Protein chains: 2
Amino acid sequence: MNTLPHVVIVGAGFGGMEAARRLARAPIRITLIDRRNYHLFQPLLYQVAIAGLAPAQIAYPVRPIFRRQKNLTFVMGEVTGVDFEKRYVKMDGSFLAYDHLILAVGGRTNFFGLQSIEQHALQLKNIESAVEARNHLLEMFELAAREPDAEKRGALLTFVVVGGGPTGVETAGALSELIRLVLAKDYPRMNLTDVRVLLLEAGDHLMGNYPDGLRKATFDLLHRKHVDIQFNTAVAEYDGQAVTFKDGTLLPARTLIWTAGVKAAELTDRLGVELAGLGRVRVESTLQVAGHPEAFIVGDAAYVENGGGQPLPMLATVAVQQARTAAENVRSALKGRAPQPFHYRDPGLLATIGRNAAVARLGGLSFSGFIAWMIWVALHIYRLIGFRNRLVVLINWAWDYFFYDSQVRLITKE
Amino acid sequence: MNTLPHVVIVGAGFGGMEAARRLARAPIRITLIDRRNYHLFQPLLYQVAIAGLAPAQIAYPVRPIFRRQKNLTFVMGEVTGVDFEKRYVKMDGSFLAYDHLILAVGGRTNFFGLQSIEQHALQLKNIESAVEARNHLLEMFELAAREPDAEKRGALLTFVVVGGGPTGVETAGALSELIRLVLAKDYPRMNLTDVRVLLLEAGDHLMGNYPDGLRKATFDLLHRKHVDIQFNTAVAEYDGQAVTFKDGTLLPARTLIWTAGVKAAELTDRLGVELAGLGRVRVESTLQVAGHPEAFIVGDAAYVENGGGQPLPMLATVAVQQARTAAENVRSALKGRAPQPFHYRDPGLLATIGRNAAVARLGGLSFSGFIAWMIWVALHIYRLIGFRNRLVVLINWAWDYFFYDSQVRLITKE
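All values derive from a computational prediction rather than experimental measurement.

Definitions and cut-offs
- Residues numbered from 1 in each chain as written.
- Chains lettered and ligands numbered in written order.
- Predicted model: local features only at pLDDT ≥ 70, side-chain atom pairs only at ≥ 80, totals over all residues.
- Heavy atoms only, no water.
- Helix = DSSP H or I, 4+ residues; strand = E, 2+ residues; numbered from the N terminus.
- Rg over C-alpha atoms; globule rule 2.2 N^0.38 Å.
- Buried < 20%, exposed > 50% of the residue type's maximum accessible area, 1.4 Å probe, protein only.
- Contact = heavy atoms within 4.5 Å.
- Lys, Arg positive; Asp, Glu negative; His and termini not counted.
- Charge placed at Lys NZ, Arg CZ, Asp CG, Glu CD.
- Salt bridge = Lys/Arg side-chain N within 4 Å of Asp/Glu carboxyl O.
- Polar contact = N/O pair within 3.5 Å; in protein donor to acceptor, adjacent residues only side chain to side chain.
- Axes fitted to C-alpha atoms, helices over the stretch in contact; angles between N-to-C directions.
- Left-handed = near helix turned anticlockwise from the far one by under 90°.
- Pairing = 2+ DSSP bridges.
- Least-squares fit on C-alpha atoms with pLDDT ≥ 70 in both.
- Expected span 1.5 Å × (residues − 1).

## Brief notes about the overall build of chain A
Here's step 1: Along its length, chain A carries 11 helices and 25 strands.
Here's step 2: Since a compact globule built from 414 residues should have a radius of gyration of about 22 Å, the 22 Å found for chain A is in line with a globular shape.
Here's step 3: Structurally, chain A occupies a C-alpha span of about 70 × 45 × 45 Å along its principal axes.
Here's step 4: Counting the 414 residues in chain A, one finds 55% classified as buried.
Here's step 5: Looking at chain A alone, contacts between residues at least 24 apart form 64% of all its contacts between residues at least 6 apart.
Here's step 6: In chain A, the 45 positive side-chain charges and the 39 negative ones have mean positions that sit 9 Å from each other.

Structure, rendered in structure tokens:
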């Protein structure tokens, strides 16, 4: 019988991977569980959707990453519940007992109960949905090329992105450029003035947590890339053919990409613990589950407030820092020491808008335009896992940049 | 009204692409039609199935390839029939009239009427089926890692490839190496002696059209890579759990990859013309359809005999040479000259068996082993389309070769 303490980590996203790494030398046995056999580099998922990168370039099989970490076993499976009293996780058909648990199950798209949108919209939550979005976008062009009716062609070439946060901004900007710089060459006979890329925001500004100056810079940069930005615009329904707004007006559009909300993964509903907003679990300042000090929750699924009483945003940087604290607290527990509370250190903000354009706030300074964009490119290549991936992505991006090209304009079918 | 003659080419495989290129400077209007928006480099499809390459590395969007060819328009659509009398092709919902037609619709898997196999087997016919095969293979390992029952684990780790031609040989060899050299590192606790890779051939030798010496070399090379080769073995049924042989015996196996036959694409059944074996259309020696001199058929869908009265094999080299002749004959027709009969010039044979191993017959000489393998690698990188693809594939293969690694071990879901 194995006498090492057993630590179960659920989720191989940013939080789970960081926790697993930080516990590499701890005198424990780790089981890392995920529904997929790979870690997804989500910040670049929109690049798959706009045919800029292939899935393999942002998805990293987990096993090779931990090949040298002797205390870790990976299991591909779905965790369907947790018994905090008896200390085991339930998987499809089996149970796994733990001494310590770190839940890093992440988030999912929040459709705010709008069912028709959930059914007909495209989303960027995982590889499959991003590939579906890519296939759909390219197919709209192929159909438009054969469509003689001007109205139908207009709807085929109207692309709506909902949500004015960084994901919506990045997607709308990159999509507009894909169309104007790359697809324009593939469809020489098509009239590009027929194409509309709209970014709809329910509030009155883009990029909620960015300072005013950068919000304005974002608006200007997007505008220059021919994205039609509309504020105070709330979508009520979508049936795949036309968007219905809250005020009742209609916009014929065959494409709607929903990036307007994230909430915690489904598992949190089944844990039987107190949830705060967006399905996130209210945890102690130490990231422990109330009443169950051996269990921790980190990342999108955890509700933690900052100094000002505001919930921390659902970002990769938050998940990674929380995972470090949780891992440290597990180590402390093994040594009989008290856990430490989590303190978030904001590393800044960074979002790209397309070629040569990004906005960044780092070290208290705001940057926009080309310099911010260089920082974005360098940082994202650095954050990728593995030298070969960095090399291949660098080659792909350099090629696309200098040749106004894109490698992955494939329409694949199911 | 456009007075240039209209040439319609159906299919963007090897035949269709070559015909389109050869007619680049002809005073005509070309419409190239395919169900997909990309040209698939089929010889390397098995590499996608064994997680060696990503789909994007062997699939080339058609539009950019013909960007500079002013006389060509690409249309993505499915041709459902042809009216040779009235000279038009029927597409989903529309008709396209032609002055000349080149059908290069290719082939599909031949299951010889074995329905249970058609339903449960994996095949390598297009990107989707190759990705499905890859997901399935990797999933078998993930399930085996969690399977306590030795019998069930045995079935999960038994991989059957049916068909002893080049495709079956290449697939079985590469699969065995993926398992022994790469996956072995991902599953350190798994006992690899549980794994079986079988290659089943109904006849009594591998590689039908290769000379005796190379058949023997193939057998030896495969054997050294731990592939279990069985001759005179005919599969009768497959239900996803076990293989049933013609003699009634059973082999529990959760994976069966069928590479045992090719026949012409479905469209040939609907053309109302005389078919020869495997659904191929019997064409004149000039590749023209009998009674309809403006229509040509090339590639897998065409039945043409060589000097000895044997049908030409269904190979890319045959399709490409036939496409050249068909294109030349269209040009001749435009000038009022007589068409020329097709003569196949066999460039030789070349098939890989895995790392460091291939068999080749070129210029009347037989090669096997490392030299043949180098020739295979160089030729395949050369035949890829586009400098960037060649660079990326070269990097991937070099990395895999030196580090016993594979880039694309992703399990994606639908």
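Moving on from the model shown.
## Digging into the interface of chain B and chain A
Here's step 1: Between chain B and chain A, the contact holds 54 residues from the first and 54 residues from the second.
Here's step 2: Inspection of the region where chain B meets chain A yields six salt bridges.
Here's step 3: Across the pair D92 of chain A and R146 of chain B runs a salt bridge, and its minimum N-O distance is 3.6 Å.
Here's step 4: The interface formed by chain B and chain A contains 16 residue pairs in polar contact (both at pLDDT 80 or more).

## Focus on unusual backbone geometry
All names here are of chain A.
Here's step 1: Despite not being glycine, H226 shows a phi value in the positive range, around 65°.
Here's step 2: Structurally, H226 can be placed in the loop between helix 8 (212–224) and strand 13 (227–230).
Here's step 3: Even without glycine at this site, N232 takes up a positive phi of about 50°.
Here's step 4: Among the structural elements, N232 can be located in the loop between strand 13 and strand 14 (235–238).
Here's step 5: Among the residues examined, N232 registers a relative accessible area of 59% and is labelled exposed.

## Considering the packing of helix 1 (residues 14–22) of chain A against helix 9 (residues 316–334) of chain A
Residues and elements named next belong to chain A.
Here's step 1: Relative orientation of the contacting elements helix 1 and helix 9 amounts to 35°, with a least axis distance of 8 Å. As helix 1 packs across helix 9, the resulting crossing turns out to be right-handed. Of helix 9, the residues touching helix 1 (which contributes F14, G15, E18, A19 and R22) are A316, A319, V320, A323, R324, A327 and R331.

## Some thoughts on the sheet that holds strand 11 (residues 158–162) of chain A
Residues and elements named next belong to chain A.
Here's step 1: In spatial order, the strands read 13-12-11-17; together these four strands make up an open sheet with parallel pairing. The open sheet has two free edges, formed respectively by strand 13 and strand 17 (255–258), since each of these has just one partner strand. If you compare each strand with its neighbour and ignore which way they point, the axes differ by 20° on average.
Here's step 2: Across five bridges, the pairing between strand 11 and strand 12 (residues 196–200) is parallel. The residue bridging T158 from the neighbouring strand is R196, located in strand 12.

## A word on the sheet that holds strand 25 (residues 365–369) of chain B
Residue and element names in this part refer to chain B.
Here's step 1: Read from one edge to the other, the open sheet built from three strands follows the order 23-24-25, with strand pairing classed as antiparallel. Because the sheet does not close on itself, it has two edges, and the strands there are strand 23 (349–354) and strand 25. Recorded for the sheet is a direction-independent mean angle of 5° between the axes of neighbouring strands.
Here's step 2: Looking at chain direction, strand 23 and strand 24 (residues 357–362) are connected through five bridges and run antiparallel. When the bridges of strand 24 are listed, G354 appears paired with A357.
Here's step 3: Helix-sheet contacts for helix 8 (residues 212–224) involve strand 23, strand 24 and strand 25, and the interaxial angle to strand 24 is about 170°.

## Observations concerning the relation of the copies chain B and chain A
Here's step 1: Of the transformation superimposing chain B on chain A, the axial component is 0.0 Å and the angular component is 180°, with the fit at an RMSD of 0.0 Å. In symmetry terms, the pair is related by a two-fold rotation axis. Nearest to the rotation axis, the C-alpha of V392 of chain B is located 3.3 Å from it, this being the minimum over chain B.
Here's step 2: Of all interface residues in chain B, 100% are interface residues in chain A too; the two copies therefore contact each other through one and the same surface.

## Section: the environment of L101 of chain A
Residue and element names in this part refer to chain A.
Here's step 1: Position of L101 relative to the elements: it lies in strand 9 (residues 100–103).
Here's step 2: Between the C-alpha atom of L101 and that of L222, which follows or precedes it by 121 residues, the distance is 43 Å.
Here's step 3: Setting aside residues no more than four positions away along its own chain, L101 makes contact with V8, V10, V82, F84, V89, E294, A295 and F296.

## Quick look at the side chain of H100 of chain A
Here's step 1: Summarising the element assignment, H100 of chain A is placed in strand 9.
Here's step 2: Not counting residues within four places of it along the chain, the set of residues in contact with H100 of chain A comprises H6, V7, V8, E294, V330, A333 and L334 of chain A.

## Some words on the pairing of strand 9 of chain A
All names here are of chain A.
Here's step 1: Burial along strand 9 is two-sided: the residues H100 and I102 and L101 and L103 are all buried.
Here's step 2: Sheet topology note: the strand 9/strand 21 (residues 292–297) ladder contains three bridges and is parallel. Among the inter-strand pairings, L101 is bridged to a residue of strand 21, identified as A295.

## Some remarks on the pairing of strand 14 (residues 235–238) of chain B
The two faces of the sheet receive side chains in turn, since in a regular strand these alternate between them.
All names here are of chain B.
Here's step 1: Strand direction decides the pairing type here: strand 14 and strand 15 (residues 242–245), joined by three bridges, are antiparallel. From the neighbouring strand, E237 faces strand 15, where its bridge partner is T244.
Here's step 2: Between strand 14 and the antiparallel strand that follows it, strand 15, lie three residues; G240 among them carries a positive phi value of about 90°.

## Some points on helix 5 (residues 127–145) of chain B
Here's step 1: The terminal C-alpha atoms of helix 5 of chain B lie 27 Å apart, and with 19 residues this matches the ideal 27 Å at 1.5 Å per residue to within 8%.
Here's step 2: Judged by how many residues are buried, helix 5 of chain B sits mostly within the fold: 14 of 19 residues are covered.

## Comments concerning the pattern of salt bridges
Here's step 1: The tally for this structure, following the rule as stated, stands at 35 salt bridges over all chains.
Here's step 2: Linking D186 of chain A and R67 of chain B is a salt bridge whose minimum nitrogen-to-oxygen distance equals 2.9 Å. With D186 of chain A in helix 7 (residues 166–186) and R67 of chain B in the loop between helix 3 (62–65) and strand 5 (72–76), this pair bridges two chains.
Here's step 3: Classification of D186 of chain A as buried rests on a relative accessible area of 7%.
Here's step 4: As a salt-bridge pair, D220 of chain B and K216 of chain B come within 3.0 Å of each other at their nearest N and O atoms. With D220 of chain B and K216 of chain B both in helix 8 and four residues apart, this pair spans about one turn of that helix.

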